[in-house]
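What follows is each chain in one-letter form.
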Amino acid sequence: MSSTKKGFFITLEGGEGAGKSTQQMRMVEWLKRHGKTVVEAREPGGTHVSEQIRQLLLDTHNDGLGATTELLLMFAARSQLLQQVIRPALASGDVVVCDRFTDASYAYQGGGRQLGADAVETLAELVHHDIQADLTLLFDMPVELGMSRVAGRGAADRIEVESVAFFQRVRDAYLERAAKDPLRFRVIDANRDQDQVWEQVQSILEAGLGL
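Quick caveat, the model's predicted, so the values are computed rather than measured. (Residues numbered from 1 in each chain as written. Predicted model: local features only at pLDDT ≥ 70, side-chain atom pairs only at ≥ 80, totals over all residues. Heavy atoms only, no water.)

Student: Describe unusual backbone geometry, naming the residues involved and giving the relevant values.
Tutor: The omega torsion across Glu43 and Pro44 is -15°, close enough to zero to call that bond cis. Note on placement: Pro44 falls in the loop between β2 (38-42) and α2 (48-58). A positive phi is found at Arg100, a non-glycine position, where the angle reads about 80°. Examined against the element boundaries, Arg100 turns out to sit in the loop between β3 (95-99) and α4 (102-112). For Arg100, a relative accessible area of 15% gives the class buried. (Helix = DSSP H or I, 4+ residues; strand = E, 2+ residues; numbered from the N terminus. Buried < 20%, exposed > 50% of the residue type's maximum accessible area, 1.4 Å probe, protein only.)

Structure (structure tokens):
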């Protein structure tokens, strides 16, 4: 971990339809009420360049995009986000709350696209060897339920149109990473109503931040 890192880095992970965005809003409000300066981010995205890469990645017209190309684009967007947003915020002592980070690449490209963990690890070492989340909340639910939630949100993007088998590999990869790093990961049962999920999140935040 970099000696310049003074803040606290929280990442939210999970498959499609897991309800991360709703919980992130409640989390940010809660942290601010407790006197924290909070910087929000999302992946891919969060900067002008990264948002343009996001459009490339999610555009359904780019269905020919290769798995390795997808992985490289994800890390290009991540590198820019780290440079412009995450590193400065952590150096200033802020709490960074990011909707997805490198665990998503292990899950989606490593697992879903079946590129394996080694390729992701190589890029992670290059892009942010000194930065890792202090706390990762994994919102977990059955794949079919998550996909049914997404189906009610409008037109699907390039990732959301993937198969059940793809998303099952994503979920399995997430749970495997969580099992290997129980000190950083907290697995949340997202197959509950929003208030019950929030109760889990709040309890974890109180313990993780000593509040």
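Student: Explain empty space enclosed by the protein to me, and be specific about the residues and the numbers.
Tutor: Applying the stated criterion to the full structure yields 1 cavity of 30 Å³ or more. The wall of the largest cavity is formed by 16 residues, among which Gly15, Glu16, Met141, Val143 and Arg171 lie closest to the centre. Listed by contribution, the elements that provide at least two residues to the lining of the largest cavity are β4 (135-140), α6 (143-151) and α7 (164-180). Here the element with the most residues in the lining of the largest cavity is α7; it accounts for 5 residues. In terms of residue class, the lining of the largest cavity is made up of 11 nonpolar, 2 polar and 3 charged. (1 Å grid on protein atoms, 1.4 Å probe; cavity = no way out; pocket = protein on both sides within 12 Å on 5 of 7 lines; lining within 4 Å. Points joined across faces, edges and corners; volume = space filled by probe spheres on them. Nonpolar A, V, L, I, M, F, W, Y, C, P; charged D, E, K, R; others polar.)

Purely geometric stuff here, so don't read any function into it on its own.
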